[in-house]
Amino acid sequence: MRAFALRTGPLLLLLLVLNSALACSSTGKGSGPKRGKPEPFVPLPDEGPETITYFLTRFDRSLLQWSGLKLAGSSPREQNELAALEASMTYRAQKRRDELLTELESGAPNNRRVAAAALGFTHDPTVLGPLSATLSDRDPEVVQKALLALGVLAHPDTPLGPLHSLLVNAPEPWTRNNAAFTLLALARAGCRTSEMAQTCRAGLGDSEAGVRAQCASALGAMADPEAAPQLAALLMDGQNLVALAAAMALANLGREHPEMKGTAARALSGALDGVQADRRQHFLGALRLLADENMGDDARPWREWAYKLP
């Protein structure tokens, strides 16, 4: 209410002046002004902080907007919008950190779900324990939001055992998708353990395209040589999203491990003539990245180059 009080303060003073003048003009000539004891000015109280429920309602709307920008935001304007939104969400979550932890532990079901997601945006390592403990919660949506938060947090000490279990065994597709999101975030943050790679390789056979694609991207970020055969097979996946992730993973694998360059090049060049035009263009892009040169759009020079590599 402070802003309202400041805006109306001059108006209140003007009304006080007008009322005083009217009182004086209503008295007869020769009668002195009647002066009463002035009323003390009492400012309106500051508006208190929004309730935690209202805060979580607003934060949930921000999460929806963030998810949309994260998935589809590709233009510079959208990327700037995403960065500004993330900065706002981080500031807001950090201010209410303690309340978010309380809601996660004992709040109403929907409050717990949003609080779990919001805690990731605090970027506070001390929330890793409570979020990890939430992965065994009975509410699948709480688990999904906790996985999202762990992905945003991307802390190197994130326990991988629960992630592996959820990725392999969770019946809900969104739980497995969010587990894969967390793994991809950890891979991009520098996690390179054998347990991590094994978990991601297990996700390449999932029935959900989002799981397969994110696990392929994670293995590419880790440049895991053992994943090469599975990634090569995914080049012919029924979903473009998966095939493109596998192609870029193979290209990165070949760049990071020179002894794997030939394997990656042969898989990519060999798939060129067996896919549709849109996918083929992405495979050519992966080959250019791998070779660090452009041999054109025809498959033959790419295959000749690939088979000369060890």
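Along each chain, the written sequence defines residue order, and numbers are assigned to residues from 1. Totals for whole chains, interfaces and linings use all residues, but because this is a predicted model, local features are given only for residues with pLDDT of at least 70 and pairs of side-chain atoms are given and counted only at 80 or more. Heavy atoms from the whole structure form the basis of all side-chain values; hydrogens and water molecules are not counted.

(A) Here's a closer look at the overall build of the protein chain. In DSSP terms, a helix is any run of H or I states spanning at least four residues, a strand is any run of E spanning at least two, and both are numbered starting from the N terminus. Secondary structure assignment for the protein chain yields 16 helices and 0 strands. Partly exposed describes any residue whose relative accessible area lies between the buried limit of under 20% and the exposed limit of over 50%, with all areas from a 1.4 Å probe on protein chains only and scaled to the type maximum. The buried share among the 310 residues of the protein chain stands at 44%. Note on contacts: a residue pair qualifies if any of its non-hydrogen atoms lie within 4.5 Å across the two residues. Counted over contacts in the protein chain with a minimum sequence separation of 6, partners at least 24 positions apart contribute 62%. Areas reported as accessible are Shrake-Rupley estimates using a 1.4 Å probe. Residue values count occlusion only from the protein chains shown. Summed over all atoms, the accessible surface of the protein chain reaches about 17,000 Å², with 56% contributed by carbon and sulfur.

(B) Geometry of the environment of A306. The residue A306 is located in helix α16 (residues 299-308) in this model. Residue class for A306 comes out buried when judged on its relative accessible area of 0%. When the C-alpha atoms of A306 and A264 are compared, they prove to be 8.4 Å apart, with 42 residues separating the residues in sequence. Those residues in contact with A306, other than ones at most four positions away along the chain, are G262, A265, R266 and S269.

(C) Quick peek at the confidence of the model for the protein chain. As a per-residue measure, pLDDT tells how confident the predictor is, with possible values from 0 to 100. Averaged over every residue, the pLDDT of the protein chain is 88; residues scoring 70 or more account for 85%. Within the model, the stretch residues 1-33 combines pLDDT values under 50 with 7 contacts to residues more than four positions away or in other chains.

(D) View of α16. Among all positions of α16, only A299, W302, W305 and A306 are buried. In a view along the axis of α16, the buried residues occupy a sector of 130 degrees, so they form one face of it. For α16, the exposed residues lying more than 90 degrees away from the buried face are R300, Y307 and K308. Where α16 is buried, its residues contact α14 (261-271) and α15 (277-291). Where α16 begins, the side chain of D298 points an oxygen toward the backbone nitrogen of R300, at a separation of 3.1 Å. Note that the arc is computed from the directions linking the helix axis to the C-beta atoms. Any N or O atom pair separated by 3.5 Å or less is treated as a polar contact, with the protein-specific requirement of one donor-capable and one acceptor-capable atom, and with residues adjacent in sequence counted only for side-chain atom pairs.

(E) Up close: the nonpolar core. Grouping buried Ala, Val, Leu, Ile, Met, Phe, Trp, Tyr and Cys residues that are joined through side-chain atoms within 4.5 Å yields what is termed a nonpolar core. In this structure, F59, W66, L100, L131, L235 and W305 are the most contacted members of the largest nonpolar core, which totals 92 residues. Broken down by element, this core gets its largest block of residues, 9 residues, from helix α13 (residues 240-256). What L235 contacts, discounting residues up to four positions off in sequence, is A243, A246, A247, L250, A267, L268, A271, V275, R279 and F283.

(F) Broad picture of the pattern of salt bridges. Should a side-chain nitrogen of Lys or Arg be within 4 Å of a carboxyl oxygen of Asp or Glu, the pair is scored as a salt bridge. Evaluation of the coordinates by the stated rule reveals 16 salt bridges. In this structure, D137 and R112 form a salt bridge, with 2.6 Å as the shortest nitrogen-oxygen distance. You can see D137 sitting in the loop between α6 (128-133) and α7 (140-153) and its partner R112 sitting in helix α5 (residues 109-120), a full 25 residues away along the chain. In this structure D137 comes out as partly exposed when scored by relative accessible area, which is 24%.

(G) The arrangement of the packing of helix α9 (residues 173-188) against helix α10 (residues 194-203) in detail. Axis separation between α9 and α10 bottoms out at 11 Å; the angle between their running directions is 140 degrees. Here α10 runs oblique to α9, going by the angle between their axes. Between α9 and α10 lies a crossing whose hand is left-handed. Contacts between α9 and α10 involve L183, L186 and A187 on the former and, on the latter, M196, T199 and C200. Every angle, taken between N-to-C directions, lies between 0 and 180 degrees, and every axis is a line fitted to C-alpha atoms, over only the stretch in contact when it is a helix. Here the word oblique covers every angle except those under 35 degrees (roughly parallel), over 145 (roughly antiparallel) and from 65 to 115 (roughly perpendicular). Note on convention: the crossing is left-handed when the near helix lies turned anticlockwise from the far helix by less than a right angle, right-handed when the turn is clockwise.

(H) Focus on unusual backbone geometry. Unlike most non-glycine residues, H123 shows phi in positive territory, near 55 degrees. With a relative accessible area of 41%, H123 lands in the partly exposed category. Non-glycine residue D292 carries a positive phi angle of around 60 degrees. Tracing the backbone shows D292 in the loop between α15 and α16.

(I) Up close: the packing of aromatic side chains. Think of it this way: a Phe, Tyr or Trp ring, Trp meaning its six-membered ring, pairs with another when their centres are within 6.5 Å, and the plane angle makes it stacked under 30 degrees, edge-to-face over 60, tilted otherwise. What the rule picks out here adds up to 4 aromatic pairs. Ring geometry for W66 against F121: centres 5.3 Å apart, planes inclined by 85 degrees, an arrangement best described as edge-to-face. Residue W66 is found in helix α2 (residues 52-72), and its partner F121 is found in the loop between α5 and α6; the two are separated by 55 residues along the sequence. Across the pair, F121 and W66 agree in class, each one buried.

(J) Inspection of the environment of L56 at higher detail. Structurally, the position occupied by L56 is in helix α2. For L56 and V114, which are 58 residues apart along the polypeptide, the C-alpha to C-alpha distance reads 6.3 Å. Each residue touching L56, except ones within four places of it in the same chain, is listed here: L100, E103, N111, V114 and A115.

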